[in-house]
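# Coordinates in review
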Amino acid sequence: MLGPPGAGKGTQAERLARRRGVPRISTGDILREAVQAETPLGRAARAIMDAGRLVGDDVMVGIVRERLERPDATAGWVLDGFPRTVAQAQAFDRMLDRTWPVAIISVEVPEHALIERLGARRICVKCGWSPPPGVTECERCGGQLVRRKDDTVDVVKERLRVYLRDTQPLLDLYHEQPGFRTVDGDQTPDAVAADIAAAVASVVGANS
Ligand code: AMP
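Scope of this entry: the structure provided in the associated data block.

The rules behind the values
- Residues numbered from 1 in each chain as written.
- Predicted model: local features only at pLDDT ≥ 70, side-chain atom pairs only at ≥ 80, totals over all residues.
- Heavy atoms only, no water.
- Helix = DSSP H or I, 4+ residues; strand = E, 2+ residues; numbered from the N terminus.
- Rg over C-alpha atoms; globule rule 2.2 N^0.38 Å.
- Buried < 20%, exposed > 50% of the residue type's maximum accessible area, 1.4 Å probe, protein only.
- Contact = heavy atoms within 4.5 Å.
- Areas by Shrake-Rupley, 256 points an atom, 1.4 Å probe, with all protein chains shown as cover.
- Near = heavy atom within 4 Å.
- Nonpolar A, V, L, I, M, F, W, Y, C, P; charged D, E, K, R; others polar.
- Core = buried A, V, L, I, M, F, W, Y, C linked by side-chain atoms within 4.5 Å.

Here we come to the overall build of the protein chain. The helix and strand tally for the protein chain stands at 8 helices and 6 strands. For the protein chain, the succession of helices and strands along the chain, N to C, is α-β-α-α-α-β-α-β-α-β-β-α-β-α. Over its C-alpha trace the protein chain gives a radius of gyration of 16 Å, about what one expects of a compact globule, namely 17 Å for 208 residues. With respect to the principal axes defined by its C-alpha atoms, the protein chain has extents near 40 × 40 × 35 Å. When the 208 residues of the protein chain are sorted by exposure, 43% land in the buried category. Relative to all contacts within the protein chain whose residues are 6 or more apart in sequence, the contacts with residues 24 or more apart total 67%. Surface exposure of the protein chain reaches about 11,300 Å², of which carbon and sulfur atoms provide 52%.

Among the 15 residues in the neighbourhood of the ligand, the closest are listed as Thr27, Arg32, Arg53, Gly81 and Gln88. Here the ligand loses 96% of its free accessible area of 490 Å² to cover by the protein chains. If one sorts the elements of the shell around the ligand by residue count, helix H2 (residues 27–37) sits on top with 4 residues. In terms of residue class, the shell around the ligand is built from 6 nonpolar, 4 polar and 5 charged.

Moving on, we come to the nonpolar core. The nonpolar side chains of a soluble globular protein tend to be buried, and buried together. Among the nonpolar cores identified, the biggest contains 24 residues, and Leu31, Phe82, Phe92 and Tyr174 are the most heavily contacted of them. Looking at this core, the element that brings in the most residues is helix H4 (residues 57–68), giving 5 residues. Residues within four places of Leu31 in sequence aside, it is in contact with Leu41, Ala45, Met49, Val55, Met60 and Ile63. Grouped together as the second largest cluster of nonpolar side chains are 22 residues, Ala113, Leu160, Val183 and Val204 included.

Next comes the structure, spelled out in structure tokens:
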């Protein structure tokens, strides 16, 4: 699932994964967990993430390769936040089993809406859930809602800049592929989820 920061990828990737019964693999979550656990990866990634920049391609490709080999990923997955550069996309392409259809969903949201959304975004300190506006406590685990460290105005601007420079070119690469679909992300979460489900079903079938 592709889209700029604030497009609702995380929430939508989770909904889609639940609907299809496959794991959601979020490289941002994997990195945030590593930062919290203070692993060597987390220590190396922290400053890069806090600045809104991208962690190195080799590291990210290694993380995803390892994750896709885990047993729960054998029947499919929803990837959220990867690939984010052309080099990652090329490495990912070599990882994929050609016999499987892959839906590439681009969630599109105008820039002014992204900045607004990211400014208002809160996530659960315990489980990472991101609630709709107006919710004050995590509905999943009761945890406290906090701002993400990289959702400050300056870092948001940097993340959007990095997105336009490094990730947007992927759309040119992908839009020729048969599994590529765009979805209007500037609708209610339910409407976006329905459009994504339909787009995915049109590529991989309703139940595969
Ligand atoms: P996200 O939760 O997807 O917005 O990711 C949060 C941060 O993690 C990004 O701003 C990057 O610093 C880092 N990150 C996540 N995925 C990738 C990736 N595929 N390549 C490089 N950095 C990444």
